[in-house]
Amino acid sequence: MKIARAVLAALTVLGVTVALHGQVKERPLPRLVKKDGRYALFVDDAPFLMLGAQVHNSSAWPAVLPKVWPAMEYLHVNTVEIPVYWEQFEPRQGQFDYTAIDALLAGARQHRLRLVLLWFGTWKNGSQHFMPEWMKLAPDRYPHMVDKNGHAVDSPSPYATASLEADKAAFSAFMRHLKTADPQRTAIMVQVENEPGTWGSLRDYSSAAQKLFEAPVPPEVLTAMRVTPAPPSANWQEAFGPEAEVCFHAWSVARYVGQVAGAGKAAYPLPLYANAALRDPIKPGAPGSYESGGPTDNVIPIWKVAAPALDLVAPDIYMSDSVPYLKVLELYHRDDNPLFVPETGGGPGVARFFFSALGLQAIGYSPFGMDYTSNRLAPAAAGSADANSREQFLAPWALNYRLIGPMAGEIARLNFEGKLQAVAEEKGKATQSLSFGPWNALISYGAVRNSHAAGNAEPIGRVFVAQLADNQFLVAGFYSRVDFRPTDTEKHRQFLRVEEGVYENGVFRFVRIWNGDETDWGLNFGAEPLVLRVSVATY
Ligand code: DGJ
């Protein structure tokens, strides 16, 4: 009995509660919760912040996983985003191969990681490249879309009934398997398809699609888009003018994806989402300049109404400038949509926007292409045997997660309770201010001792401030300075106690008190993870 207890204790420490008879105990289902207008992803019945990283597209094969896990360890992620390939999963129609999924679950558990599984099904970046061979070889049964001139496009038709039925069957088999193979809830969320939609044609021009395009727009679409056309029975062209084709294709694709999601959810109700290849958020180009049919910002309401089985739609953000980046975060942080960034990339400075996402209560964040396979996108960094060079690419992201990792649960809770604000440096703006009732937190960048803040040479600063009590704050960040000012301008701030600490198992452990040079010009954050608990008063 003593031995059994010891085994149980060891397994519990490994994050797996095991009943004594050897059966793994079912953990609560991950779920999205909304309270007072804010969302949280609950995992094991508590708010959870996904510190994620997504691997390259072809890195989910069992033989390649040894190049994934060490990168995840270096990054300090708690969640890996990784594909499940339809072509691997269903090599012959109706025969499902669970080996790759099982390898992901086993590997993730061994490395104490959660998974977001990406269903590379009917759509992958607008194409059908991950459909199994038996589908690719039967284009009459599983057709491509047809463009204006009647030519086949490299994109699946959302009106292909046999493809829809095949995807529903495969996706539900995958979800059913997860249900039985994953009582631990290692997989906490699933992405349905990948950047669904179409490049190269605005919509399907097959006769089935054409007929619907000329028919009245379903009233729920008009309501969702807040459009009141003159004749209530307006067709798509009449109702949406220049955006008619994009709106119609969004409705067509979303209904298809929604049915796949619905079938999967009926098998196993994990949180589900779809991701978007974006259009320019500041100066959106005309239809045709961006992927048509996906959940771009202009058609989110259509996706919501056409695919209710999806819990959210999410932006893949490949932008380096703060103006468009922040605008995208704002566009996908909606009352009906929790913010989640499943893919992001760009220069090293992009890592700072993780903090901007935290400032909008993001439930998770995930840079793309984070493994040690050799890849055309990061050839120098990724394949190198030299750990230092291959890790250079990951370093700015790792820095964020080294800081936030030990307190991720606390951050998720504070955010869900509306107590946290966070910002990233914007070029040309050396200061920012956050308001916390009687206090303003002043953030500045590039300040040395009592010199004026000049901004960092490159904008890399980032900070969060969370209000723990009326006059107490948790503060952390990089390359920045934080100070506090009472809103009552007659009064001055004094530091009562500035504690440096470290988080261990979610609890702040005191290390030392900062005073003198460490506080005289404000609280300075540099290149190393640092957490302060700050008590202030006025005089
Ligand atoms: C966006 C896609 O969703 C990813 O799968 C990947 O193809 C990246 N683009 C970059 O290559």
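Note that the coordinates shown come from a computational prediction; the quantities given were computed from them, not determined experimentally.

> In this structure, what is going on with the overall build of the chain? I would like to understand it.
Summing up its helical and strand segments, the chain has 17 helices and 23 strands in all. Over its C-alpha trace the chain gives a radius of gyration of 25 Å, about what one expects of a compact globule, namely 24 Å for 539 residues. Its C-alpha atoms put the chain at 75 × 70 × 45 Å along the principal axes. Sequence separation of at least 24 residues holds for 72% of the intrachain contacts in the chain that already meet a minimum separation of 6. Taken as a whole, the chain presents about 22,300 Å² of accessible surface, with 53% of it coming from carbon and sulfur. For the chain, the distance from the average position of its 49 positive side-chain charges to the average position of its 54 negative side-chain charges is 5 Å.

> Is there a simple way to think about the site of the ligand in this case?
Taken together, eleven residues lie near the ligand, and Asn57, Lys124, Asn125, Asn194 and Glu343 sit nearest. A distance of 2.9 Å is found between an oxygen atom of the ligand and a side-chain nitrogen or oxygen belonging to Asn57. Contact between the ligand and Lys124: an oxygen atom at 3.0 Å from a side-chain N or O atom of the residue. Relative to its free-state accessible area of 290 Å², the ligand is covered by the protein chains to the extent of 85%. Within the shell around the ligand, the residues separate by chemical class into three nonpolar, four polar and four charged.

> Would you mind showing me how to read the nonpolar core here?
Side chains that are nonpolar tend, in soluble globular proteins, to be buried together. With 140 residues, the main nonpolar core has Phe174, Leu178, Trp303 and Phe464 as its most contacted residues. For this core, the element with the most residues is helix α10 (residues 244-267), which contributes 13 residues. Setting aside chain neighbours within four positions, we find Leu178 in contact with Ile101, Leu105, Leu117, Ala187, Val190, Tyr268 and Leu270.

> What is the right way to read α10 from this model?
One full turn of an α-helix is made of 3.6 residues, so residues set three or four places apart face in the same direction. Compared with the 34 Å implied by 1.5 Å per residue over 24 residues, the 35 Å span of α10 between its first and last C-alpha is a close match. Most of α10 is tucked away, with 19 of its 24 residues classed as buried.

> It is not clear to me how the sheet that holds strand β1 (residues 31-35) should be interpreted in this structure. Could you clarify?
The sheet built from three strands is open, its strands ordered β1-β2-β3 with antiparallel pairing. Here the strands that pair on one side only, and so sit at the sheet edges, are β1 and β3 (46-48). The mean inter-strand angle of the sheet, taken between neighbouring strand axes irrespective of direction, is 55 degrees. In the sheet, β1 pairs with strand β2 (residues 38-43) via five bridges, with the strands oriented antiparallel.

> Hey, could you run me through the packing of helix α4 (residues 99-110) against helix α6 (residues 161-181) in this one?
Think of two packed helices as two axes; the pair is described by the angle between the axes and how far apart they sit. Between α4 and α6, the shortest axis-to-axis distance is 11 Å and the interhelical angle comes to 35 degrees. Judged by the sense of rotation from one axis to the other, the crossing of α4 with α6 is right-handed. Contacts between α4 and α6 involve Ile101, Asp102, Leu105 and Arg109 from the first element and Phe174, His177, Leu178 and Ala181 from the second. Each residue belonging to the contact of α4 with α6 can be placed in one class, and the counts come to five nonpolar, one polar and two charged.

> Any chance you could explain the confidence of the model for the chain here in plain terms?
A low pLDDT score tells you not to read the predicted coordinates there in detail. Here the chain averages 94 in pLDDT, while 93% of its residues score no lower than 70. This model gives residues 1-21 a pLDDT under 50, and the stretch forms 16 contacts once residues within four places in sequence are excluded.

> Looking at this structure, I do not really get the packing of aromatic side chains. What am I missing?
Per the stated rule, a full pass over the model turns up 33 aromatic pairs. In this structure an aromatic cluster arises from ring pairing among Trp86, Phe89, Phe96, Tyr98, Trp119, Phe171 and Phe174. The lysine or arginine in question, Arg203, covers the ring of Tyr205, its NZ or CZ lying 4.0 Å from the ring centre. The side chain of Arg203 reaches across the aromatic face of Phe213, ending 3.8 Å from its centre.

> Whenever I open this one, the sheet that holds strand β23 (residues 531-538) confuses me. Can you help?
The strands making up a sheet associate through hydrogen bonds between their backbones, and the pairing can be parallel or antiparallel. What the six strands build is an open sheet, ordered β14-β17-β18-β23-β20-β21; its pairing is antiparallel. Across the chains shown, the open sheet's two edge strands, defined by having one partner strand only, are β14 (420-424) and β21 (507-514). Mean inter-strand twist for the sheet, computed between neighbouring axes without regard to direction, equals 25 degrees. Looking at chain direction, strand β17 (residues 462-469) and strand β18 (residues 472-478) are connected through seven bridges and run antiparallel. Paired with Val463 across the two strands is Gly477, which belongs to β18. In this fold helix α16 (residues 395-404) packs onto β17, β18 and β23, with an angle of close to 160 degrees to the strand it touches most, β18.

Reading guide: rules and limits
- Residues numbered from 1 in each chain as written.
- Predicted model: local features only at pLDDT ≥ 70, side-chain atom pairs only at ≥ 80, totals over all residues.
- Heavy atoms only, no water.
- Helix = DSSP H or I, 4+ residues; strand = E, 2+ residues; numbered from the N terminus.
- Rg over C-alpha atoms; globule rule 2.2 N^0.38 Å.
- Contact = heavy atoms within 4.5 Å.
- Areas by Shrake-Rupley, 256 points an atom, 1.4 Å probe, with all protein chains shown as cover.
- Lys, Arg positive; Asp, Glu negative; His and termini not counted.
- Charge placed at Lys NZ, Arg CZ, Asp CG, Glu CD.
- Near = heavy atom within 4 Å.
- Polar contact = N/O pair within 3.5 Å; in protein donor to acceptor, adjacent residues only side chain to side chain.
- Nonpolar A, V, L, I, M, F, W, Y, C, P; charged D, E, K, R; others polar.
- Core = buried A, V, L, I, M, F, W, Y, C linked by side-chain atoms within 4.5 Å.
- Buried < 20%, exposed > 50% of the residue type's maximum accessible area, 1.4 Å probe, protein only.
- Expected span 1.5 Å × (residues − 1).
- Pairing = 2+ DSSP bridges.
- Axes fitted to C-alpha atoms, helices over the stretch in contact; angles between N-to-C directions.
- Left-handed = near helix turned anticlockwise from the far one by under 90°.
- pLDDT = per-residue confidence, 0-100.
- Phe/Tyr/Trp six-rings, centres within 6.5 Å; stacked < 30°, edge-to-face > 60°.
- Lys NZ or Arg CZ within 6 Å of the ring centre and 35° of its normal.

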